[in-house]
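Residues per chain are reported as follows:
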Amino acid sequence: MMFFKNLGRFLYHGSRAHAEWEISTANTILRSRKRMMVLGLLLIPILIGGTVFADQLVGGLPEYLGGKNAYSPSFFTMKIFLASIGVGLCAGLITGCIGAGGGFIIAPALMSVGVKGILAVGTDLFHIFAKAIMGSVLHKKLGNISVSIALIFLIGSIGGATLGGWINRVLYDFNPVLSDAFITTIYVIMLGALGSYALMDYLKARKAPGGGGSAHGGKDEGSEMGSLPIKLQSMNIPPMVSFDEGLIPGGRRISSWFLIASGFFVGLAAAIMGVGGGFLTFPLFVYVLGISSMTTVGTDIFQIIFTAGYSSIGQYAIYGFIFYTLAMGMLLGSLLGIQIGALSTKVVKGITIRGFYALSVLAGFVNRGFALPAKLSSIGLIKIPKETTAVLDTIGTYLFFIIISIFAIWVIGTFVMNIKKLKGEEV
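What counts, and at which threshold
Residues numbered from 1 in each chain as written. Predicted model: local features only at pLDDT ≥ 70, side-chain atom pairs only at ≥ 80, totals over all residues. Heavy atoms only, no water. Helix = DSSP H or I, 4+ residues; strand = E, 2+ residues; numbered from the N terminus. Buried < 20%, exposed > 50% of the residue type's maximum accessible area, 1.4 Å probe, protein only. Contact = heavy atoms within 4.5 Å. 1 Å grid on protein atoms, 1.4 Å probe; cavity = no way out; pocket = protein on both sides within 12 Å on 5 of 7 lines; lining within 4 Å. Points joined across faces, edges and corners; volume = space filled by probe spheres on them. Nonpolar A, V, L, I, M, F, W, Y, C, P; charged D, E, K, R; others polar. Core = buried A, V, L, I, M, F, W, Y, C linked by side-chain atoms within 4.5 Å.

A. Examining the overall build of the protein chain more closely. Each helix and strand counted, the protein chain has 17 helices and two strands in total. The buried share among the 427 residues of the protein chain stands at 54%. The contacts in the protein chain between residues at least 6 apart in sequence include a share of 82% that link residues at least 24 apart.

B. View of the layout of surface pockets. Estimates place the volume of the largest pocket at around 340 Å³. Looking at the largest pocket, it is lined by 13 residues, and the ones nearest its centre are Phe3, Leu7, Met190, Phe265 and Leu280. When residues of the lining of the largest pocket are traced back to their parent elements, those giving at least two are helix H1 (2-30), helix H9 (176-207) and helix H11 (256-273). Here the lining of the largest pocket takes five residues from H11, the largest share from any one element. In terms of residue class, the lining of the largest pocket is built from 12 nonpolar, one polar and no charged.

C. Examining the nonpolar core more closely. Residues Leu259 and Leu289 are the most contacted members of the largest nonpolar core, which totals 95 residues. Sequence-distant contacts of leucine 259, that is, excluding residues within four places in its chain, are made with Ile149, Ile152, Phe153, Val241, Ile254, Phe285, Leu289 and Ile291. In this structure, Trp21, Ile301, Ile304 and Ala308 belong to the second largest nonpolar core, which totals eight residues.

D. Summary view of unusual backbone geometry. Here the amide bond leading from proline 238 into proline 239 is cis, since omega sits at 0°, within 30 degrees of zero. With respect to the helices, strands and loops of the structure, proline 239 is situated in the loop between helix H10 (227-233) and strand E1 (240-243).

E. Main features of empty space enclosed by the protein. Evaluation of the coordinates by the stated rule reveals one cavity of 30 Å³ or more. Within this model, the largest cavity holds a volume of roughly 170 Å³. Forming the boundary of the largest cavity are 20 residues, of which His18, Glu22, Gly102, Gly103 and Phe104 lie nearest the centre. Residue assignment for the lining of the largest cavity shows that the elements contributing at least two residues are H1, helix H4 (78-98), helix H6 (117-134) and helix H14 (324-344). When its residues are assigned to classes, the lining of the largest cavity shows seven nonpolar, 10 polar and three charged.

Listed below in structure tokens is the structure:
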């Protein structure tokens, strides 16, 4: 039980840190005309190729490397494109409103509507990469990037992403249902731990004096080193790398092997789950390796571009495991959702949206948990009547979308009803 509590705490802090990057990236894109023009150009294949030349393109698609049929924007209708905007909007609302990453709901949402797990993972990664490359603010964060840490970390993350992508592809080629069951199981564990911790955090906040506070939290996490990073930094296993020289006299040192191992774990999780890796980098750097929050933030931004880019293109796109239409739709929706969600925090109690976040993550957990019996039954690991598994799957899907929809309607309604108040605050 303690393991899952610590895992949930670990993921929660990482989710918050990743949300800060998402919000910053969204603001960078939307406040730049050049970046908005790039986004518009990326949508042209969907708006033209997906409607005007759909029939011709579908019949003449080339084969990609790996022998998979290419999935182009023309493969989906505009209805599906609009639905993907809705998924991105809900994820963005969670990120902007709560200050904790909403990306955890994207893959479960896509899998719930029939997208294969490996395609949901690849598409989510591509959406993160597109956001990262367009919203890059490295030129503003260079002072916080430890180049030596970033390069050593990327050695591990590229290796982990290669293995993670290979595992997903091998499982899919062997048995697509087994692939879905594997990805679903990973999400059940992660969402279960994260949702349980978020719920406990919400209940604890309700009982606290003056209960509520900010949903985004007010404490600078990771300002002090715990016993684990002190122990790791005391191990002199060459080659050693120095960091935080500008923050601490003499700086700190740690073995490069710990950085490579951390990068491998991040890359592996990113490629298997389709989450970009940023949500794991922050807690690993701060709570395990003892790297300062300032250095972590800059280095994290740097690694997301390369880890997400290599994972999405090198491990999924060239094998045809990306739905470009869905990725662009989710990108559009998340950019809008983040803005609405962030503004809504000015007029909503933090305690309320903390509760909604816990429910949203637990809804994803229930969704994948209820879908798992059907997948395990299909590959022969358990024996459950098809009628029972179909009912469970349907219940999980409806509960998930009902809860996420209620949250989205509530946030958007709150935003619309308080537009005048919000404008008054901006003056």
